[in-house]
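Okay, here's what each chain looks like letter by letter:
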Amino acid sequence: MQHSFDRRSVLLAGAAMTASTALPAFAQSAAPRNGAPLGPIAKKVAHVITQHGQTRTDNYHWLRDPNWQAVIDDPSKLSADIRTHIEAENAYTKSVLLEPTAKLRADLFEELKGKIKQDDSSVPARDGAWAYATRFRTGGQYPIVYRKAVDPATGEATGAEQILIDGDKESKGEKFWRLQDWEQSPDQDLLAYFVDYEGGNKVTLRFRATANGSDLPYKIEGASAGLVWAKDGRTCFYCLLDDNFRVAKIMRHIVGEDPKTDVMIFEEKDASFQTGIGKTSSGDYLLIYRSQSESSDVLILPLATPTAKPKRFTPYRKGVEYLPNHHGGHFYIRNNSGSAIDFKISKTPVAKTNAANWTDFVPHEAGRFIESVHIYADHMVREESVDALPRLTVRDMTSGNEHQIDFPEEAYDLSVLRGFEWKTTKLRFTYNSPSTPTETWDYDLSTKGRTLRKTQEIPSGHDKNNYVVRRTVAVASDGAQVPLTILYHKKTPIDGTAPALLYGYGSYGISMPASFSTARLPLVDRGMVYCIAHIRGGQDRGYQWYLDGKLMKKQNTFSDFARAAEALVEQKFAAPKQIVIEGRSAGGLLVGAVMNQRPELFAGVIGGVAFVDVINTISDGELPLTPPEWTEWGDPIKSKEAFDYMMAYSPYDQVGTKAYPPLFAQTALSDSQVTYWEPTKWVAKLRELSPEAGPFLLDVNMTAGHGGASGRFDRLKEVADSHAFALWCVGKA
C-alpha cells in the first residue's frame, strides 16, 4: 500500500501540531519518549456523551467509521480522513521501531521460521476407510488438507495421498485467505469447507466432491464456521450471521439444492446470547447451544430425522451452565446445577431430558474442575484441572472403573484430539510443556498402552535441557494464590537482574495453558524470563476463579497481574522496571488497565487487538462484542453501579498524564471482534495527555482481522515485530 506520508513529513507534521497544542507543564522535559519524536497528533472533534447523569467528551469518536460494517467486509471503504491518520500512525511506527530494528526483526523472523518444520503434517485421523490430515509444503503459507486410504489389516493410512484442499493454490490472487473449518460427509463423498476472505467472522461455505475435487456450482455467503451433517449425508446444518456479525439463524441445507430454499430451523432473537451448533460424540444428535456468561440453553434434534423440529433439552435456568452428550439410551450432562461450582456429570434417559430427571453420574468434587467430557462407545474421558494443572480421567462405561493418565513435569498442557470414530479404544491427545515440544500420543483406553505418534520437530534444533520450567505463586492482596508458569534459559541468572515478558488474559473463563511455543524461544534465548500469569477471570483454578474475576470483581484480574509482576521481582526472576507485559483482545484490556494503574512497574506494554474502549463499546448494542458481554462485564446502560465500576478501570477512559512506559498496539481493519478504532483512539489519547511518555506506537494491518495475518510466515513477521519491541524496551535490541 502506498502511504501518503513519508517519515520526514510525519515527524514534521507531528512537531507542527505539537507546537500548536496546549500541553501539560511536564511536557517540556529534556528527555521525551526515550528519545523518540512525538508522532502524529489526531485531530479532536468533540463528541459529548451523557450516561447516568455524567457527561464526558470523546474527542476521538470520529475515528469510528460511520460505515464500519462495510469497512470490516471491505477495508478499501474506510473514510479518507481516518485512513490518512492510520497511515500516518503506521509510518510513525515504521520510523521509530520497525526501521531501527530492521536487522533484529529479520533475525527474529529467520529464527522463528527456522523453528517451524516447513513441510510439517498432522498425524492422520481415521474415519472408516480413510484417514484425514493436514500438511504444509516447504515455503508454503497455507495448509493442505488431504486423505489416504486405510489398510484394513493394520489400521494405518498407507494409501496414496489425495489432496482435498490446497491452500497455497486456492489463496492465489486473494488479499486474505484463511481456511476456517472443513467437515467430510458421513459417506465421505463430499467435503464442506469454510474460507474467510476478509479477516472478519463472516465466511463462505462451499461443497466439494472428494472424488474429483470439483466444487458444486454455488456458495453460501455470510456464514459462521461450523457445520453438522445429518445421517443421510446430504442434509447439513450451518449458522448465518447478521449485519452485526452475530449468529442469527441456524439453517438446514440439502446439498445440490439452491441455498435460497434452505430452511431456518432456529432464529436467535436475543442478542445477549451467543449461539452455535455441534453434535454429540455418538453423532446421533444435533446440538444448538446458546450461552450467556453464566447460563446456557440447548436444543437437540435427531440427526437421523433432519426435518424434525429442534426440541429444548430442558427449560432455561439462569445461572446454570450445561452441555449434554449422548451414549446409548442416556444423555450425560456436564453441568453446575445444585451448587456444583466445579461441575459434575449428570445422567438422564433419552426420553426424559428435563432437569427434574437428572441424577448424578460423576458427583461434584470441590477443587476438581471438569472442563470437558468425551464419550466413546465403551469409555468416557474427562478433561479436568486441579490446582491449575490438567489431567485426563478415563471411565469404563460398563464397569464404572476409573483411572488417570499420569504425566511427569511440574507444569504442562494436555489436549484431547477428538477423532472421527465412535467405536474405538484409541484416545489421541497432545502433551507439551513450556520446554517440551508437542508430543502426539495414542492411548489405548482398555489396555492403558501408549504409542508416541509424533514429536514436534524443531528444524533449527531444540534441547529441552537448556530450559528451566518453574511453577510458583504470587500472593494477591486478598490472599489468593495466583499460579505463575515461568520459562527461562538455564544460562539466565535468576538473581534479580534479568528482564522478563509477562503474559496474561484473565477473561471469559479462558485458562492459559502451560504450553510449548516456539515463538517464545527467541526471547528466552536472549536472556528474557517468560512468565504466564494464571490470573482470576480465567478458569485456571476452577470455576470460582472465573467468577472472582468478572463483573463487580473484575479488579481482581488487574490486581493479580500487577502482583504477578511484583512477585517476579520479589522472587528474583526479574529486575525492577525490566518487565514487558503482553495481552491480546481481552488481554489488551488487562494490560491497558494495569498500565494505567501501575505504570511504574513496566518497561513496555504490548496490546494486540486490544479491547480498551470498554464503556463506549459495552454501551453500544449494535457492536458485535456488546450484548453477549453484559453478563461478563456488567450492563453500563441499565446499571449505574456497573457503569461506575467499569468506568474506573476502562483503559481508554482512565488515560491520564502519567509516566507511561512505551506501548506497541497492534490492530486490524477487518476485526469484527475488537474494532480497529479502539486501539487507534487509545493511542491518540495517550499521546495527547502524556506526550512526554511512551512512545506510543500503533501498527494497523490494513487487510487482516482479529487473528492477524492469514499466512503462517506473515504471522511470524508480526510476532517478530512485537518481540523486537519487547527487546528494545529492555535494552536488548
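Scroll up to find the structure.
Residues numbered from 1 in each chain as written. Predicted model: local features only at pLDDT ≥ 70, side-chain atom pairs only at ≥ 80, totals over all residues. Heavy atoms only, no water.

S.K.: Just give me the short version of the packing of helix H4 (residues 102–114) against helix H14 (residues 712–729), but keep the residues and values in it.
M.R.: It is the contact of H4 with H14, at a shortest axis distance of 8 Å, that shows an interaxial angle of 130°. Here H4 is positioned oblique relative to H14, judged by the angle of their axes. The handedness of the crossing between H4 and H14 comes out as right-handed. Where H4 approaches H14, its residues Leu104, Arg105, Leu108, Phe109, Leu112 and Lys113 are matched on the opposing element by Phe713, Leu716, Lys717, Val719, Ala720, Asp721, His723, Ala724 and Leu727. Its residues assigned to classes, the contact of H4 with H14 shows 10 nonpolar, 1 polar and 4 charged. (Axes fitted to C-alpha atoms, helices over the stretch in contact; angles between N-to-C directions. Helix = DSSP H or I, 4+ residues; strand = E, 2+ residues; numbered from the N terminus. Parallel < 35°, antiparallel > 145°, perpendicular 65-115°, else oblique. Left-handed = near helix turned anticlockwise from the far one by under 90°. Contact = heavy atoms within 4.5 Å. Nonpolar A, V, L, I, M, F, W, Y, C, P; charged D, E, K, R; others polar.)

S.K.: Quick one: what's the story with helix H9 (residues 586–597), residue by residue and with numbers?
M.R.: A turn of α-helix holds 3.6 residues, and therefore any two residues three or four places apart point the same way. Its 12 residues give H9 an end-to-end C-alpha distance of 17 Å, which sits within 8% of 16 Å, the value for a rise of 1.5 Å per residue. Most of H9 sits inside the fold, with 11 of its 12 residues counted as buried. (Expected span 1.5 Å × (residues − 1). Buried < 20%, exposed > 50% of the residue type's maximum accessible area, 1.4 Å probe, protein only.)

S.K.: Could you give an account of the sheet that holds strand E35 (residues 602–608), naming the residues involved and the relevant values?
M.R.: Reading across the sheet, the 8 strands line up as E30-E31-E33-E32-E34-E35-E36-E37 and stay open at both edges, with mixed pairing between neighbours. Edge strands, defined here as strands with exactly one partner in the open sheet, are strand E30 (467–475) and strand E37 (696–701). Put simply, the sheet's adjacent strands are angled 20° from each other on average, direction ignored. In this sheet, strand E33 (residues 529–533) lies alongside strand E31 (residues 481–489) in antiparallel orientation, the contact comprising 4 bridges. Residue Leu484 lies in a different strand from E33, and its bridge partner there is Ala533. The sheet contacts of helix H3 (residues 80–98) involve strand E36 (663–668) and E37, and relative to E37 the element is tilted by about 120°. Each of strand E32 (500–503), strand E34 (579–584), E35, E36 and E37 is contacted by H14, which is oriented at about 165° to E35, the strand it contacts most. (Pairing = 2+ DSSP bridges.)

S.K.: Now, about the side chain of Gln666: what can you tell me, with residues and values included?
M.R.: For Gln666, the position within the fold is in strand E36. In contact with Gln666, other than residues within four places in its own chain, are Arg584, Ile606, Gly607, Gly608, Val609, Ala610, Asp699, Glu718 and Ser722.

S.K.: Tell me what's going on with the packing of helix H8 (residues 555–570) against H9, and back it up with residues and numbers.
M.R.: Running from N to C, H8 and H9 point in directions that differ by 70°, and their axes come no closer than 9 Å. For the element pair H8 / H9, the angle class is roughly perpendicular. Of the residues in H9, those in contact with Gln555, Thr557, Phe558, Phe561 and Ala562 of H8 are Leu589, Leu590, Val591, Ala593, Val594 and Gln597. Residue classes in the contact of H8 with H9 are distributed as 8 nonpolar, 3 polar and no charged.

S.K.: So what's going on with the packing of aromatic side chains? Which residues, and what values?
M.R.: Taken as a whole and assessed by the stated rule, the structure comprises 31 aromatic pairs. Judged by centre distance (5.7 Å) and plane angle (40°), the ring pair of Phe407 and Tyr412 falls under tilted. Considered together, Phe407 and Tyr412 belong to a single accessibility category, that of buried residues. Pairwise contacts between aromatic rings join Tyr285, Phe313, Tyr322, Phe331 and Trp358 into one cluster. One Lys or Arg, Lys43, reaches over the ring of Trp62 and ends 4.6 Å from the middle of that ring. The ring centre of Phe109 lies 5.6 Å from the NZ or CZ of Lys717, which sits over that ring. (Phe/Tyr/Trp six-rings, centres within 6.5 Å; stacked < 30°, edge-to-face > 60°. Lys NZ or Arg CZ within 6 Å of the ring centre and 35° of its normal.)

S.K.: Please provide a residue-by-residue account of the environment of Lys732, values included.
M.R.: Position of Lys732 relative to the elements: it lies in the segment after H14. For Lys732 and Pro499, which are 233 residues apart along the polypeptide, the C-alpha to C-alpha distance reads 9.3 Å. Excluding anything up to four places from it in sequence, Lys732 contacts Pro499, Arg526 and Leu727.

S.K.: Could you give me a rundown of unusual backbone geometry, with the residues and numbers involved?
M.R.: Omega for the bond connecting Gly694 with Pro695 falls within 30 degrees of zero, at 10°, which places this linkage in the cis form. In this fold, Pro695 is placed in the loop between helix H13 (677–689) and E37. Despite not being glycine, Lys448 shows a phi value in the positive range, around 70°. Structurally, Lys448 is set in the loop between strand E28 (439–444) and strand E29 (450–455).

S.K.: Quick rundown of the pattern of salt bridges? Include the residues and the values.
M.R.: A full pass over the atoms with the stated rule returns 45 salt bridges. Among the ionic pairs, Arg64 bridges to Asp620, the shortest N-O distance being 2.5 Å. Taken together, the residues span a long stretch of sequence, with Arg64 in the loop between strand E2 (54–57) and helix H2 (68–73) and Asp620 in the loop between helix H10 (614–618) and helix H11 (630–633) at a distance of 556 residues. Comparing Arg64 with Asp620, the two get one shared label, buried. When the shortest N-O distance is used, the salt bridge between Glu384 and Arg391 registers 2.8 Å. Glu384 sits in the buried class, given a relative accessible area of 1%. Residues joined by salt bridges that share partners form a network here, namely Glu365, Arg368, Arg382, Glu384, Arg391, Arg395 and Glu402. (Salt bridge = Lys/Arg side-chain N within 4 Å of Asp/Glu carboxyl O.)

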